[in-house]
Structures are given as structure tokens and as C-alpha cells.
Amino acid sequence: MPVEHFDAIVVGAGPSGNAAAYTMGKAGMNVLQIDRGEYPGSKNVQGAILYSDALERMIPDFRETAPLERHVVEQRFWMLDEKSHTGTHHRSDSFNEERPNRYTILRAQFDKWFAKQVRAAGVTLITETTVIELVRNAEGRVIGVLTDREGGPVHADVVVLGEGVNGLVAQRSGLRPELRPQHVALAVKETHFLPEETIRERFNLSDENEGVVIEVLGSVSSGMVGTGFLYTNRESISIGVGCLVSDFAEKQIPPYALLDRFKNHPSVRPLLKGAEMKEYVAHLIPEGGYDAIPKLTGDGWLIVGDAGQFVNAVHREGSNLAMTTGRIAGECLARLKAEGRPATEANLKVYRDALEQSFVLKDLRKYRKIPKLLKQNRQLFTTWPAVINRSMQAFLRVDGRDKRAKEAEILRGLKTARGNWLNVAADMVKVARAWR
Ligand code: FAD
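From a predicted model like this one, the values you see are computed outputs, not experimental measurements.

Caption draft 1: Local environment of the packing of aromatic side chains. Counted according to the given criterion, the structure contains six aromatic pairs. With 6.2 Å between their ring centres and 85 degrees between their planes, Phe 62 and Tyr 103 make a pair best called edge-to-face. Of this pair, Phe 62 sits in the loop between helix H2 (52–56) and strand E4 (71–80) while Tyr 103 sits in strand E6 (residues 102–104), and the two are 41 residues apart along the sequence. Judged on exposure class, the residue Phe 62 and its partner Tyr 103 are both buried. Each ring, one from Phe 110 and one from Trp 113, has its centre 5.6 Å from the other, and the planes form 35 degrees; the classification is tilted. Separated by three residues within a single helix, Phe 110 and Trp 113 lie in helix H3 (residues 107–120), roughly one turn from each other. Both residues of the pair, Phe 110 and Trp 113, belong to the buried class. An aromatic cluster is built from Phe 110, Trp 113 and Phe 114, whose rings are joined through pairwise contacts. The cationic tip of Arg 102 hangs over the ring face of Phe 95; the distance from NZ or CZ to the ring centre is 5.3 Å. Positioned over the ring face of Tyr 39 is Lys 112, at 4.4 Å from the centre of the ring.

Structure representation (C-alpha cells):
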């Protein structure tokens, strides 16, 4: 560990830490980045869809060198019951554009590539090193970090915490409270390998560059607040399920049992047929939304990415919020440095202000009522998907009964499932209100 004073120390080499370090490195700042992994991305987990926009704002030509799997040309949403799914698909040739909007990626490869760009921007990266806690001066201002390496603390003008969802450094240093089980989902994910041509045929794709993603709601979460997903990579399929930790604790359902059930669902099994499972991972996802965002800045420190609960669970966006908060933090710190102003809590207000102006806090504020809505209305994960699937069965089955009788049966089924029409209307109003 060099005994040196840095302009900034970045904890973590995930999307948020990399974006912050890259931006500051490009601005000519002397930056030290520390990651506990053997290499950046070695333990990082994502579904994973990469949203181009956030990366493109920093590295416009990223497509030339980044390890990308397939660009997404089709998105499916499925409502699952035990035997069926009812869904919508959106597929468009517009997604076959010169600069595609979304890609599937494998994080271990992607983070390694991103870290290479960060190092090329002049940042010093140290891996296999864990930051234990922040170091403060007599006035309480953060002035550096203590790591698990010998040699004492490392000093910097500011510490950027991009340490991911657990946020243990911030927590140990008294900057944010302990994670609450109702603010975080536990996701389990497997990677199943198949030949490229099999994926192409199975998902009706034109070539090895096109991909499909499937987002799933309903019986996949066994009554818990959660969703499932299935994403196509070049030669593999990523499949996973995530539910609130508080729900797992209450229901005592092992996450791997949930994933096994999902894989064996009649709509999913054929998509995985003959595939070889090679990877199994588990990771937390911040899902507390706007109201769970901790204090983001203080004298000599600021928080970016998952550590700040920056995940839009409704749209399943996280890495782009991580990169955007990292980039904005880097820009703010570079500006303060250029103006000769220290990273005090008062001066770092520019970071919060810039986030307020960005899609990050606008989106999270828009959906701030969704986490509470979902926790208090489990019927959205159980009754509604079941009713929708039963209704589609009744509607599509040709069995000698007339259509008016079928419509009456569908409406009766809906009313019975929710007890009365008032409850049906109340569900719709609640969802519409939370969505606004
Ligand atoms: P991380 O990616 O978690 O990186 C944190 C880094 O900090 C790690 O490299 C870690 O090694 C390092 N670190 C932690 N503590 C220390 C320490 N004390 N000292 C040194 N280093 C430390 N987002 C999307 O945009 N699209 C998706 O499809 C998607 N799917 C997901 C599916 C799953 C199953 C999960 C779990 C998440 C998904 N997300 C998705 C969310 C996305 O992965 C995160 O939002 C994103 O990774 C956050 O980036 P980050 O840099 O803040 O944190």
C-alpha cells in the first residue's frame, strides 16, 4: 500500500465505484480504488441487463471493446400460476439499431473490462484488499480508510463509498443504519449453458447477437414480494428469483427451492432443456426505494450505487443508477477540486442537487409508494395472476358453452377471488395511485 495522500479513495470496483473512479481519473485527479475481490467483478452478481445510456455517457465507444453478450430485441412479461403463464411481448426491429439500447452481460467479464478503462484513466487500483472502516480527524471529518493490509491508514481528501448493498464500511463508521430485511431482496441465480444455435432457435432469434429477456410475476414468488427473470446470453441462460429477505424469514422457504420450482414450471422447463448448469450465486438487491435512501454525504465522504439504495425495482434497473450516481459524484468532486473547495458536507450538497435533477431520484421518487403497496397487497402476487390465467383458460377453451356465459364466469371468478367488487376496484385504484 503506497503511503501517499490521494485526492480521492473509491471503495469498490463495481459499476458505481468504477464510474466514480473513471470520471475523476479522466479529470486528472489522483485516485486510489480499492476492491476486496481477487479481480473487479470476481464476486459481483447481476441478472444481467446493461443499459447502454449510462455507460455511453462516460465511454461513448464502449461497444468496440466491452464484453457484451446479446442486445435485447424482445422483452416478455409473464404472469405465472402453477401451470400457465399469461403475458405480453414487445419485440421490435427498432432494437436492431446501430447503437443498441440494452445488452445482456456477464458481470465477472464486464467489471474486469470496466476496471481496465478505469486504470487507463490513471486510477490506481488495489484488489484483494478490504476496507475495514473510515478514518476521521479530531473534528470528525473523514480523512481516509483503514484496510486489512498492513501499513496503517491511507489518506485522501474524500472517500467515495461504492461498496454495494451491504454497506458495511458506512455502517461500521456510523454513517448509515443497519440494512432492514424489508428493504432488501435476496436473489438466487443460476447460469445454464446451451449451444448458441439452440438459444437462437428456442427464442426465435435471427443471430447470435439478438437476445430475449423474460420478467416474471406471480406463483414464482410463492406469495412473497418478489419476481423471477430469465435472460439469454450468447451461450448461456441466466435464470433467477428474488424476494424480500423479510418474506423469506417469515415464510421459511429456502431460496433454492423457489428457483427449482421456477425452473420446473411447464412454461420454463422447455427453455432450459438439455442445458448444463455451471454457476449458482446469491446476492442482495436494495429494494427499499426512495424512503430507504440513507444520508448520502458528510464531511469527506459520499455514497454511490447500491450502498445508497439506488435501485429501481419496478423497472429492474440498478447498474445504470449505480453508474449514473458514480459519474455524477465524480463530476461534482472534480469540480470542487478544480475550484479549490474542500469536500465538506456543505460543499457536497451539489451531489444531492445533481441527483435530484437526474432520472435517478426523479424515478425513485415517482415510485416511492410502490414498496409499501406491494408489501400490503400480496394479492397482486397471488390472486391476480391466478385469476388472469384462469380467465384466459375460460376465454380460450372451446367447449360448447356460449361466450356470454363464459364472460359471466370470468367476472364471477374475479369477484369471488377478491371477495366483492369493492375490493377489485380498490386494488386498481391503489395500483394506479402508487404508480403515478
Ligand atoms: P456492486 O456491484 O455490488 O459492487 C460493489 C463492489 O465493492 C464489489 O466489487 C465489492 O467487491 C466491493 N466491496 C464491497 N465491500 C468492500 C470493502 N469493504 N472493501 C473493498 N471492496 C469492497 N441491475 C441492472 O441494471 N440490470 C439487471 O439486470 C440487474 N439484475 C440483477 C440481478 C441480481 C440477481 C442482482 C443481485 C442484482 C441485479 N441488478 C441489476 C442490480 C445491480 O447488480 C446493482 O445495482 C449494481 O451491481 C450496483 O453496483 P455497485 O457498484 O453499487 O455495487
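Caption draft 2: Fine view of the nonpolar core. Ranked by internal contacts, the top residues of the largest apolar core, which has 69 residues, are Leu 55, Phe 114, Phe 310 and Tyr 351. Here this core gets eight residues from one element, more than from any other, and that element is helix H9 (residues 319–338). Other than its neighbours up to four places away in sequence, Tyr 351 contacts Leu 296, Thr 297, Leu 302, Ile 303, Val 304, Phe 310, Thr 325, Ile 328, Ala 329 and Cys 332.

Caption draft 3: Here's a closer look at the site of the ligand. Inspection of the region around the ligand gives 36 residues, with Asp 35, Ile 49, Arg 107, Asp 306 and Ser 319 positioned closest. Taking Arg 36, its main chain carries an N or O atom lying 3.1 Å from a nitrogen atom of the ligand. Between the ligand and Asp 306 there is a distance of 2.7 Å, counted from an oxygen atom to a side-chain nitrogen or oxygen. When the ligand is considered free in solution it has 1000 Å² of accessible area, and contact with the protein chains removes 96% of it. Element by element, the count of residues in the shell around the ligand is highest for strand E15 (residues 276–286), at three residues. Looking at the shell around the ligand residue by residue, the class counts come to 16 nonpolar, 14 polar and six charged. In this structure, the shell around the ligand is formed jointly by two domains, domain 1 (5–67 + 105–177 + 294–357) and domain 2 (182–286), each of which donates at least three residues.

Criteria and thresholds
- All residue numbers refer to position in the chain's written sequence, counted from 1.
- Whole-chain, interface and lining totals are the exception, using all residues; otherwise, since this is a predicted model, local features are given only for residues with pLDDT of at least 70 and side-chain atom pairs are given and counted only at 80 or more.
- Side-chain numbers here rest on the full set of heavy atoms in the structure, without hydrogens or water.
- Only Phe, Tyr and Trp rings take part, Trp by its six-membered ring, and two of them pair if their centres are within 6.5 Å. Stacked means planes under 30 degrees apart, edge-to-face means over 60, and tilted covers everything else.
- What counts as a helix is a DSSP run of H or I of at least four residues, what counts as a strand is a run of E of at least two, and both are numbered from the N terminus.
- The buried label goes to any residue with under 20% of its type's maximum accessible area, the exposed label to any with over 50%, and the partly exposed label to all in between, with areas taken from a 1.4 Å probe on protein chains only.
- Charges are assigned to positions over rings by a cutoff of 6 Å between ring centre and Lys NZ or Arg CZ, combined with an angular limit of 35 degrees from the ring normal.
- To form a nonpolar core, buried Ala, Val, Leu, Ile, Met, Phe, Trp, Tyr and Cys residues must be joined to one another through side-chain atoms within 4.5 Å.
- Note on contacts: a residue pair is in contact if any heavy atoms of the two residues lie within 4.5 Å.
- Residues are classed as near a molecule or strand on a simple rule: at least one heavy atom within 4 Å of it.
- Contacts described as polar in this section are N or O atom pairs within 3.5 Å, which, within protein, must combine one atom able to donate a hydrogen with one able to accept it, while residues neighboring in sequence count only if both atoms come from side chains.
- In short, Shrake-Rupley with a 1.4 Å probe defines the accessible areas, and a residue's cover is counted only from the protein chains shown.
- Residues are grouped as follows: Ala, Val, Leu, Ile, Met, Phe, Trp, Tyr, Cys and Pro are nonpolar; Asp, Glu, Lys and Arg are charged; every other residue, Gly included, is polar.
- Here the bounds of each domain stem from an automatic or database domain assignment.

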